[in-house]
Amino acid sequence: MVVSVGIDLGTTFSAVAYIDPQSKLPKIVPNREGNKITPSVIQFVNGQPIFGAEAESAFNAGEPGCAATFKRGMGKTETYCVIDGKPFTAEELSALLLRHLKEEAEAELGDTIKEAVITVPAYFYSTEREATVRAATAAGIKVKKIIDEPNAAAMAYGLNNWRENANILVYDLGGGTFDVTLTRMGCNGNLSTIATRGDRLLGGRDWDNRIELLLLDKFAEETGADIHSDAATKTMIRGMTEGVKKQLSAMQSANATASIPDFGSATVVITRTEFEESTADLLDRTGALCQAVLTEAGFSARDVTDVLLVGGSTRMPQISQYIFRMFGKKPITHVNPDEAVALGAAIQSTKENESYAALSMQVMNDGKKVTDRSDSGLSLHLSVKPSQKLSSLGLLTLRETTAHAMGIIAVSADTTKYINDIIIPANHPRPVRVAKAFAFYTSANCVDEMEIYVLQGDKENPLDNIIPYKYVASGIRHIKEQKGKTTIKVQYSYDNNGIIHVQARQEDDRIDLPIRKEFVPDDMSKYALPIDPAEFQRLELLNVVMAVDVSGSMSGAPLSDAKAAMCNFIRQMDFSHTQVGVLAVSDSTAIVTKLTDNENACIRAIQSITCGQTGYGNDAHPFAIIKSMLESKEGRLFSIILADGVWSYQDAAVAAAKQCNAAGIETAAIGFGSADEKFLKDISSEDANALLVSQSQLTSAFGTIAQSLGGGTARSGYDNTASDADTWDD
Ligand code: ADP
Ligand code: MG
C-alpha cells in the first residue's frame, strides 16, 4: 500500500518516487509514457490541460496555450500567464501539475496517494514554500513535509554511501535554478546542512539561450538572411537549442539544420569548445556561489569530501571539469542527477513510517556488500565499510538550515533610519524561534494594532530584502494604570518547512494577540528614507507648559476664544505620554496647574482662568517659571506662549526665553491683536514657531502646534527598538 510519495516539483522536469514495498528501496514512479521524469509544462487544449511529452513539444514549437517554468513565479500573487483569456497564477499551474503527477503515479502504483514530501530549492522564500503547500493541498495532496532539494539529493546519496564526518557539497544545476549546499554527514546518520546559496535565475535555460545566440549568428552568417528580425525562424531555432545542447554533452560538436526563408535548408555546426567559451561566465557564477558557501562555512575547497552533482544540467561535461579545477577532485556522478531529488524525498516521506524502519534494517543486514541499485537510479560504486556506517542509517535524520536570514524592520540605534534588524541568521538550523520585546504605547481612544514587517535576507537596507508579509497584531489593550505603556512580545519562527510564523502577545497579561497577514503595501519607500524625527518623538514623553496672557486687553472674547483654543489643543494631545502645565501671565505669573497627565484637570484649570487674575498690565514674563517647571523633566520639553499686544519688559523676556532654550526647552509663541512679530520670533526657539494670527485663527494655530507635537493623528506606536525575550510554546 502506497500512501505517501516524494515529489520533485522541478522548474523544467518533475519526478515522483516511492519506497518499493518489496525491495524497501526508493524508486522512481514512471509516468504513463514510461518516463522517469515529466516535463513541468502544461498545454491547454480547448480549455483542458494536457501534460507530458506532448505538452513539452508543443511548448518547444512555440504553440499557443502553453505554460512552462512557472515554478519561477511561485509565491507571487500576480497572474503568471493568461491562456484563452483565463488568468493563471504559478500556484494554480503548479496545482494542476501536481494533480497530474499524483494521478499518473496512482495509476502506475494502483493505489491512492494521500501524502507527499515535496522538494523546493533551498533558497525558496517563505511565500514560495507556502505557495507550494497550497498548490499541493489544492491538488488533493497533504504535504507531509517540504524539504530542500539538495538535502533530498544528499539523503538519496547518503543512503548508499554513508561516510561519517564527510562534508558533501551538493551542486544542483537544474533547468532554471542553481543551488549549492554544503551538507555534513555526522555520526548516527545525522545529515545536517551547513550552508546554502542559490541563484533563482541561473539554470540550463541560460545555457540554451547561449546556444540560441550561437545558432542565430551562424545561420545568419551561413545564409546571409536577416534572421534576427524574423520571429518565426527565431522560434524554430529556439526549439532546437536544447537538443543541440544535449548533443554537445555527448559529442564534441553538434549539427543543426533549419529551413531558412528565401534560402532553403541550411546546416551549421557548433563545437563543444565554442559552446564552453560562450558560457564560461555562467559557470563562474556557479563557482562564485560555491565559494560563498565555503566562506560562510569557514571551509576551504580541500575540506570538501565529495561533490555531488544534481540536476539535469550537470550532464554537461564542462561542469565536472569545472568542479575538478575548483575542488581538485572528480565529482560524484553515479546518482542519477534528475532522479536523486525525488528519491531523497521518497526516503523522507516514509522516514517516520514502519517501511522506513524495515528499509534501514535491510540495509543494515546487507553487511559489507550493498546491492546494485541502478534500477532506482542509485547505482553503487563505493564499497561501503560495514558496522557504524550502515547501522547509523536506521537513525538517518535530516537537519535542515535556513537559507535566508530573518530580520525585522527596525529603527537604527541613532534613530535616523530604518534598518534590517536580523534576528535569525542565515544557515541556522530549523525549526528555530526567537522572541523580541517591544515597548508599545496605546491610547484610550483608538484601536491599537502593531505592524510587523518581517524580512528575509541580510541586506542592511530593509527594502533590499524580501518582505513576505505585513503582520498586524491587533487587540492590544490599553492599560490605564500604566498610562498606556505596555510590552508586546513578538515571536518569529522558521518551522521545519522553512516557513515563517509570527506570534504576538501582550506581556502584561500574557494574552496572545490575534495576528493578520496582509500583503505588503506597494509603497514602502518610507522605510528607505531618513526617519522624520517628529514621528519618533511622538513616542517620547512630552512636557508642555502653556502660558496665556491675561492682561486687560484679553478681556471678553479674546480670552474666551484663547481658552477654547487651548482646551482644543489639550484634547488633541495623547496624555498617555504627555504632561501639561498651565500659567497665567500679566503683571506677575501664576501657576494655574502644575504639570499633570490628567486631561480633565487641565481642561478645568484652563476654564478657571480669568482676565486680570495676575494684574491688568504686562510687566511680567513666564520664562523663569517655565524653566523651573520643565528643566528637570525627561523627554521633550515645550512651552507655548499666547501673547496679546506688547509686553513691558521685552528685553528681559527675550533673555529669559533664551535661557529656556539653552536648557533644552523649545518655545512656540502665538500672538494676536497688537502683538509684535519680531518679539514673537525672539522668544520662540525657531522662527517657524512664531505664529502671528487673527483671533479667529487661534484654534488652528494651536492645532498646528498640537500636530507638530504628534497630537491629532494616530496616537499609538512602538519604539521599534526591540530587546531580546524568551520564546514561548504554541
Ligand atoms: P529542474 O530541476 O529545473 O526541473 P532538471 O534537474 O530536471 O531541472 O534539469 C533540467 C535541465 O537539464 C534542462 O535545462 C535540460 O536541458 C538539462 N539537461 C538534461 N539533460 C541534459 C544533457 N544531457 N546535457 C545538458 N543538459 C541537460
Ligand atoms: Mg531539480
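As the structure is a prediction and not an experimental result, all values here were calculated from the model. (Residues numbered from 1 in each chain as written. Chains lettered and ligands numbered in written order. Predicted model: local features only at pLDDT ≥ 70, side-chain atom pairs only at ≥ 80, totals over all residues. Heavy atoms only, no water.)

Asker: Summarise helix α8 (residues 280–297); cite the residues concerned and give the values.
Answerer: The α-helix advances 3.6 residues per turn, and as a result positions three or four apart in sequence lie on the same side. Given a rise of 1.5 Å per residue, 18 residues ought to cover 26 Å, and the 26 Å separating the end C-alpha atoms of α8 matches this to within 8%. For α8, the complete set of buried residues consists of Leu282, Leu283, Thr286, Gly287, Leu289, Cys290, Ala292, Val293 and Leu294. Tucked into the core, α8 has its buried residues touching β12 (166–173), β13 (178–185), β14 (190–199), α5 (204–223) and α9 (317–327). Looking one or two residues past α8, Gly298 carries a phi angle of roughly 70°, positive in sign. (Helix = DSSP H or I, 4+ residues; strand = E, 2+ residues; numbered from the N terminus. Expected span 1.5 Å × (residues − 1). Buried < 20%, exposed > 50% of the residue type's maximum accessible area, 1.4 Å probe, protein only. Contact = heavy atoms within 4.5 Å.)

Asker: Tell me about the site of ligand 1, and please be specific about residues and values.
Answerer: As a structural note, the neighbourhood of ligand 1 is formed by 17 residues, with Thr12, Gly175, Glu242, Lys245 and Ser249 the closest of them. In the model, an oxygen atom of ligand 1 is placed 2.5 Å from a nitrogen or oxygen of the Glu242 side chain. Split into classes, the residues belonging to the shell around ligand 1 amount to two nonpolar, 11 polar and four charged. When residues of the shell around ligand 1 are sorted by domain, at least three fall in each of domain 1 (2–203 + 282–379) and domain 2 (204–280). (Near = heavy atom within 4 Å. Polar contact = N/O pair within 3.5 Å; in protein donor to acceptor, adjacent residues only side chain to side chain. Nonpolar A, V, L, I, M, F, W, Y, C, P; charged D, E, K, R; others polar. Domains from an automatic or database assignment.)

Asker: Describe the environment of Asn661, naming the residues involved and giving the relevant values.
Answerer: Tracing the backbone through its elements, the reader meets Asn661 in helix α17 (residues 650–662). Taking relative accessible area as the criterion, Asn661 reaches 36% and is therefore assigned partly exposed. For Asn661 and Glu686, which are 25 residues apart along the polypeptide, the C-alpha to C-alpha distance reads 9.7 Å.

Asker: Give a detailed account of the nonpolar core, specifying residues and quantitative values.
Answerer: By size, the foremost hydrophobic cluster in this structure holds 42 residues, and its most contacted members are Leu169, Tyr171, Leu215 and Phe219. At seven residues, α5 tops the list of elements feeding residues into this core. Domain assignment of the residues forming this core places at least three in each of domain 1 (2–203 + 282–379) and domain 2 (204–280). Residues Val550, Met554, Leu642 and Ile705 belong to the second largest nonpolar core, which totals 35 residues. (Core = buried A, V, L, I, M, F, W, Y, C linked by side-chain atoms within 4.5 Å.)

Asker: Tell me what's going on with the sheet that holds β12, and back it up with residues and numbers.
Answerer: Hydrogen bonds along the backbone pair up the strands of a sheet, which may run parallel or antiparallel. One open sheet holds the five strands; their spatial order is β17-β12-β13-β14-β18, and the pairing between them is mixed. Each edge of the open sheet is held by one strand with a lone partner, namely β17 (306–310) and β18 (397–399). For this sheet, the mean inter-axis angle between neighbouring strands, taken without regard to orientation, is 25°. Of the pairings in the sheet, the one linking β12 to β17 comprises five bridges and is parallel in character. Across the sheet, Val170 pairs through a bridge with Leu308, a residue of β17. (Pairing = 2+ DSSP bridges. Axes fitted to C-alpha atoms, helices over the stretch in contact; angles between N-to-C directions.)

Asker: Describe the pairing of strand β28 (residues 542–549), with residues and values.
Answerer: In terms of burial, β28 is largely enclosed, as eight of its eight residues are buried. On β28, burial covers both faces: Leu542, Val544, Met546 and Val548 on one face and Asn543, Val545, Ala547 and Asp549 on the other are all buried. Bridge count between β28 and strand β29 (residues 578–585): eight bridges; the pairing is parallel. Paired with Met546 across the strands is Val582, a residue of β29. One crossover worth recording links β28 to the parallel β29 by way of helix α14 (residues 557–572), and it is right-handed. Two elements, β28 and strand β31 (residues 636–644), share seven bridges in a ladder whose sense is parallel. Bridged to Leu542 within β31 is Arg636. (Right-handed = clockwise from strand over helix to strand, strands pointing away.)

Asker: Give me the lowdown on the pattern of salt bridges, citing residues and values where you can.
Answerer: By the definition in use, this model includes 34 salt bridges. Glu631 is the partner of Lys627 in a salt bridge, and the nearest nitrogen-oxygen pair spans 3.4 Å. Within this structure, Arg129, Lys145, Asp148, Glu400 and Arg430 form a network of salt bridges that share partners. (Salt bridge = Lys/Arg side-chain N within 4 Å of Asp/Glu carboxyl O.)

Asker: With reference to specific residues and values, describe the packing of α14 against helix α19 (residues 698–708).
Answerer: Orientation of α14 relative to α19, taken along the N-to-C sense of each, is 25°, at an axis distance of 8 Å. With respect to α19, the axis of α14 lies roughly parallel. Seen from above, α14 lies across α19 with right-handed handedness. Facing α14, whose interface residues are Pro558, Asp561, Ala562, Ala565, Met566, Asn568, Phe569 and Gln572, α19 presents Leu698, Thr699, Phe702, Gly703, Ile705 and Ala706. Here the residues of the contact of α14 with α19 are counted per class, giving nine nonpolar, four polar and one charged. (Parallel < 35°, antiparallel > 145°, perpendicular 65-115°, else oblique. Left-handed = near helix turned anticlockwise from the far one by under 90°.)

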